[in-house]
Amino acid sequence: LFMQHLCREFSTESLLAIIEFYQFRMHAQQRLNIALQTQDSGNVLHLDAFPANVPCSDIVMADTTLANDDSADAIMQSLKIKALALHAKYIGNNAKFQINISHHTRRTLEHAFASGDEQLMNPLSIATIFDASIFELVALLNDALSRFTYTKL
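Conventions used here
- Residues numbered from 1 in each chain as written.
- Predicted model: local features only at pLDDT ≥ 70, side-chain atom pairs only at ≥ 80, totals over all residues.
- Heavy atoms only, no water.
- Helix = DSSP H or I, 4+ residues; strand = E, 2+ residues; numbered from the N terminus.
- Buried < 20%, exposed > 50% of the residue type's maximum accessible area, 1.4 Å probe, protein only.
- Contact = heavy atoms within 4.5 Å.
- Areas by Shrake-Rupley, 256 points an atom, 1.4 Å probe, with all protein chains shown as cover.
- pLDDT = per-residue confidence, 0-100.
- Phe/Tyr/Trp six-rings, centres within 6.5 Å; stacked < 30°, edge-to-face > 60°.
- Core = buried A, V, L, I, M, F, W, Y, C linked by side-chain atoms within 4.5 Å.
- Axes fitted to C-alpha atoms, helices over the stretch in contact; angles between N-to-C directions.
- Parallel < 35°, antiparallel > 145°, perpendicular 65-115°, else oblique.

## Brief notes about the overall build of the protein chain
Okay, so step 1: Within the protein chain, the secondary structure is distributed over 7 helices and 2 strands.
Okay, so step 2: Scanning the protein chain from its N terminus toward the C terminus, one meets helices and strands in the order α-α-β-β-α-α-α-α-α.
Okay, so step 3: Put simply, the protein chain has 153 residues, and 41% of those count as buried.
Okay, so step 4: Summarising the internal contacts of the protein chain: among those between residues at least 6 apart in sequence, 67% fall at separations of at least 24.
Okay, so step 5: A total of about 9100 Å² of accessible surface is found on the protein chain, and carbon and sulfur atoms cover 54% of it.

Written as structure tokens, this is what we have:
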């Protein structure tokens, strides 16, 4: 029902982006074998409550590594390819599902992807590259959830 409400509010892409960005984060954490605890404005990112029937992202789950190459460089290259695909889908100027994030967050991500800066080179940074977007989208969806709770079904 909430997803239908988001369709009426033209906010479906926000929920889809949160799901795919978080799946990317968890995939990167697992592939890089790192522990993540992201804090932003005193909030810790905990979104482990997705239902089991939430589909897995085709982008995140795609096998983009060379056959039998589990080297750190191959894993990082695979994660960069996936991050670029998510960026193109949700953040880029011509993104099919462009999300509503702040100018600062969009500009920071655009710079990281355009220049290939250190956020795409460091394992911890690439795993958390979409965290600011997740926080902003969750805040937007909290507003939508408040409106949904007062909607007559």
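## A short note on the confidence of the model for the protein chain
Okay, so step 1: Scored by pLDDT, the protein chain has a mean of 80; 71% of the residues are at 70 or more.
Okay, so step 2: When mean pLDDT is taken per element in the protein chain, helix α3 (residues 58-61) scores highest with 93 and strand β2 (residues 43-44) scores lowest with 45.
Okay, so step 3: Counting interchain partners and residues more than four positions distant, the pLDDT-below-50 stretch residues 39-44 has 6 contacts.

## Digging into unusual backbone geometry
Okay, so step 1: Phi angles above zero are rare outside glycine, and Asn33 is one such case at about 55 degrees.
Okay, so step 2: Relative to the elements of secondary structure, Asn33 occurs in the loop between α2 (12-32) and β1 (39-40).

## Brief notes about the environment of Ile75
Okay, so step 1: In this structure, Ile75 sits in helix α4 (residues 72-90).
Okay, so step 2: Separated by 47 residues in sequence, Ile75 and Ala28 place their C-alpha atoms 8.7 Å apart.

## Overview of the packing of aromatic side chains
Okay, so step 1: For the coordinates displayed, the defined rule picks out 5 aromatic pairs.
Okay, so step 2: Each residue in the set Phe21, Phe24, Tyr90, Phe97, Phe113 and Phe130 is aromatic and connected to the rest through ring pairs, giving one cluster.

## A few points about the nonpolar core
Okay, so step 1: Membership of the largest hydrophobic core comes to 32 residues, with the highest contact counts inside it found for Phe21, Phe24, Leu86, Ile91, Ile99, Ile129 and Phe130.
Okay, so step 2: Mapped by element, the contributors of at least two residues to this core are α2, α3, α4, α5 (103-115), α6 (123-127) and α7 (131-149).
Okay, so step 3: At 9 residues, the largest contribution of residues to this core is made by α2.

## Here's the deal with the packing of α2 against α4
Okay, so step 1: Two elements in contact, α2 and α4, have axes separated by 11 Å at closest approach and are oriented at 175 degrees. It follows from the interaxial angle that α2 and α4 lie roughly antiparallel. Contacts between α2 and α4 involve Glu13, Leu16, Ala17, Glu20, Phe21, Phe24, His27, Ala28, Arg31 and Leu32 from the former and Ile75, Met76, Leu79, Lys82, Ala83, Leu86, Lys89 and Tyr90 from the latter.

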